Amino acid sequence: MTSTTRLTVAQALVRFLSAQYTERDGTRHRLIGATWGIFGHGNVAGIGQALVEYGDVMPYHQGRNEQAMVHAAVGYARQSGRLSTHAVTTSIGPGATNLVTGAALATINHLPVLLLPGDVFAARPADPVLQQLEVPYAGDVSVNDCLRPVSRYFDRITRPEALIPSALQAMRVLTDPVESGAVTLALPQDVQAEAYDWPEEFFAERTWVVRRPGADPTELAEAVRAIRGARRPLLVAGGGVHHSRAEAALAEFAAVTRIPVASTQAGKGSLRFDHPQDVGGVGHTGTATADELARTADLVIGVGTRYTDFTTASGTLFAHPDVRFLNLNIAPYDGHKLAGMPLIADARSGLMELTAALDMHAYRVGASYVAEYTEDKERWEQRVDACYEADEPDVRPTQPQVLGVLDALVDESDVIVNAAGSLPGDLHKLWRARSRDQYHVEYGYSCMGYEIPAAIGVKLAAPERHVWALVGDGTYLMMPTEIVTAVQEGVAIKVLLVQNHGYASIGGLSEETGAERFGTAYRHRAADGTFTGAPLPVDLAANAASLGMRVLRAKTVSDLRAALAEARDADTPTCVYVETQTADTVSGPPPAQAWWDVPVAETATRPSAVKARELYERHVSTRRRHLC
């Protein structure tokens, strides 16, 4: 006879989650490392009580914003190589819907996070209850259904026994390298508190093996033939290189073949910046070196990339008339993009197999090609030095100079977290990544407000590392709330807060597209009705200090150098605040080396829009669809 234990659904779920593990390459990790939660009537007596009951096996973190809690869990998951993550519990209503943005970010970036929103009563003793959405045509719909399109797996647990198969499916998806993303188990508040006799086997330790599938022999042979036939191949490293921990395999592949390696935002750091084959970021925010190689490449080898529009310059970058694509990807959906030859395999396994096969054939790219990209890279590095250099240390820095000061300070132990604004473009072009996980820029969803909570998640996953959240004033104003969490738990993140009085990135884009920077500056309204008056008297440094953070103000390059060094050594949450030059313009690094499609008004009377449309049509005419 099977032995059972009588627990509530919430208690059973917490106990179940505490016994889940992953394993890859012989190393075991706890799958759900902790649970974040903000409590209300939808979860306080269910999951909340269960976390009290089982606090010895399930750590708890108190968040201030539901979206931010998801960002923290995602940061933890990315730093943990997708082998461990956190759960997030909320009440019903706004607590649940606040999860949607974080869930979309997790799913788009293929990063696992478990969402446990409360839901309305399954038994419907009172209808509606507080915060319930009434849908006249469907009695089984709640606000949690907003999470369906942004979740890789969704279920609503309306009976206790339904938790058993659903929880197992949730773990399968979280640990699947192809399907991983947000997983949502919606938990009606009455069901959470309902007791059931659970089979003890449900609580047994389970280890979910994260697979490393190798390549199909036929696909591998075709891939080798394609590479051997290429004269100007270029490898584009995406986030899948990091997810697979394939950095060493990529370095070996590049050393053996001498094929240059460019990187997407998610893939930057796949090679150290000083590796001979690293040519920097590719696409709209890429380097001149990588983008020129992309324009002339006859074979593009995509490894773990989704080929977003930033990477392809909206279909205008890969311009060689006979260019072909070879896509090494664990996901068939991505492996077939751009009509490419698919090589469906784990990134590390596939690279190792390719390296062995090409080395057996003694394949190397030509010496002239190596000399070409090596010289171009040296010229680009000189441009980076010029952007970073501060000839006058006693003046206000530009944004690239801010990055230059930080670049001179950090080593392999530092992690740089960013997501939105003008900083991702500057970082992709200029930052010199020193380790496989130093560059943590979330650009799949490019979500303002991600940086501070994600930095907390990274620091929880790697407490020995120096973790920097790089935020502009626009991003800071979106979500500074988790500073309180960092202070409460003593998570010693460093926040580099750059004040440029508005949306610098979108301001520049607005100007380029004929919208004349409308609505992008943080300034008083002028007499003509536009926001072109004096900068707002907002003191973000004082705001950070009011939330409990130690704040260091820097007015000059010299001040900044000292403040960043002091912050790096700090063992408490510390913010460095700096106001940059060129507050009315974009940041001032080298301009975009490739186009990005943002449609411009087809008809307009204002000269700026007319001119922008003419330029837009010239760019559009160069777009191509890769179909063979």
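Residues numbered from 1 in each chain as written. Predicted model: local features only at pLDDT ≥ 70, side-chain atom pairs only at ≥ 80, totals over all residues. Heavy atoms only, no water.

### A short note on the overall build of the protein
Here is the rule: Under the scheme used here, helices are H or I runs from DSSP no shorter than 4 residues and strands are E runs no shorter than 2 residues, and both carry numbers assigned from the N terminus. Atoms considered for the radius of gyration are the C-alpha atoms alone. The globule rule reads 2.2 Å times the number of residues to the power 0.38. Every residue pair with non-hydrogen atoms within 4.5 Å of one another is taken to be in contact. Note that accessible areas follow from Shrake-Rupley with a 1.4 Å probe, and for residues the cover is restricted to the protein chains shown. Positive charges are assigned to Lys and Arg, negative charges to Asp and Glu, while His and the chain termini are left out of the count. Lysine's charge is taken at NZ, arginine's at CZ, aspartate's at CG and glutamate's at CD.
Helix and strand counts for the protein stand at 24 helices and 23 strands. Against the compact-globule benchmark of 25 Å for 628 residues, the protein has a radius of gyration of 25 Å, which places it among compact chains. Dimensions along the principal axes, computed over C-alpha positions, put the protein at roughly 75 × 70 × 55 Å. Considering only contacts within the protein whose residues lie at least 6 apart along the sequence, 77% involve residues at least 24 apart. Counting every atom, the protein has about 24,600 Å² of accessible surface; 53% of that belongs to carbon and sulfur. Computed over 57 positive and 73 negative side-chain charges, the inter-centroid distance for the protein is 3 Å.

### A few points about the sheet that holds strand E18 (residues 414-418)
For clarity, the cut-off: Criterion used throughout: strands pair if DSSP finds at least two bridges between them. A fitted line through C-alpha atoms represents every axis, and for helices the fit uses only the stretch in contact; the resulting angles, taken between N-to-C directions, go from 0 to 180 degrees.
Pairing in this open sheet of 6 strands is parallel, and the strands run E19-E18-E20-E21-E23-E22 from one edge to the other. The open sheet has two edge strands, strand E19 (439-441) and strand E22 (550-554), and neither has a second partner. On average, adjacent strands in this sheet sit at an angle of 20° to one another, irrespective of strand direction. Docked against the sheet, helix H18 (residues 451-461) engages E18, E19, strand E20 (466-472) and strand E21 (494-499), running at close to 175° with respect to E20.

### Observations regarding the environment of Glu381
Locating Glu381 in the fold gives a position in helix H15 (residues 367-388). Taking C-alpha positions, Glu381 is 30 Å from Asn329, a pair spaced 52 residues apart along the chain.

### Concerning unusual backbone geometry
That bond from Asp127 to Pro128 is cis: its omega, 10°, falls within 30 degrees of zero. In this fold, Pro128 is placed in the loop between strand E7 (113-119) and strand E8 (153-156). Residues other than glycine seldom take positive phi values, yet Arg124 does so here, at roughly 55°. Assignment of secondary structure puts Arg124 in the loop between E7 and E8. One non-glycine residue, Ser446, adopts positive backbone phi at about 45°. Following the sequence through the fold, Ser446 ends up in the loop between E19 and H18.

### Looking at the sheet that holds E8
Pairing is parallel in the open sheet, where 6 strands are placed in the order E5-E4-E6-E7-E9-E8. Bordering the open sheet on either side are strand E5 (60-62) and E8, each of which pairs with just one other strand. Each adjacent strand pair in this sheet contributes to an overall mean axis angle of 20°, direction not counted. Seen against the sheet, helix H5 (residues 99-108) touches strand E6 (85-90), E7 and strand E9 (182-188) and runs at an angle of roughly 155° to E7.

### So, the side chain of Thr257
For the record, the criterion: Polar contact criterion, stated in full: a pair of N or O atoms within 3.5 Å, where within protein one must be able to donate a hydrogen and the other to accept it, and residues adjacent in sequence count only if both atoms are side-chain atoms.
Mapped onto the fold, Thr257 is located in helix H10 (residues 247-257). For Thr257, the side chain forms a polar contact with the main-chain oxygen of Phe253, separated by 2.8 Å.

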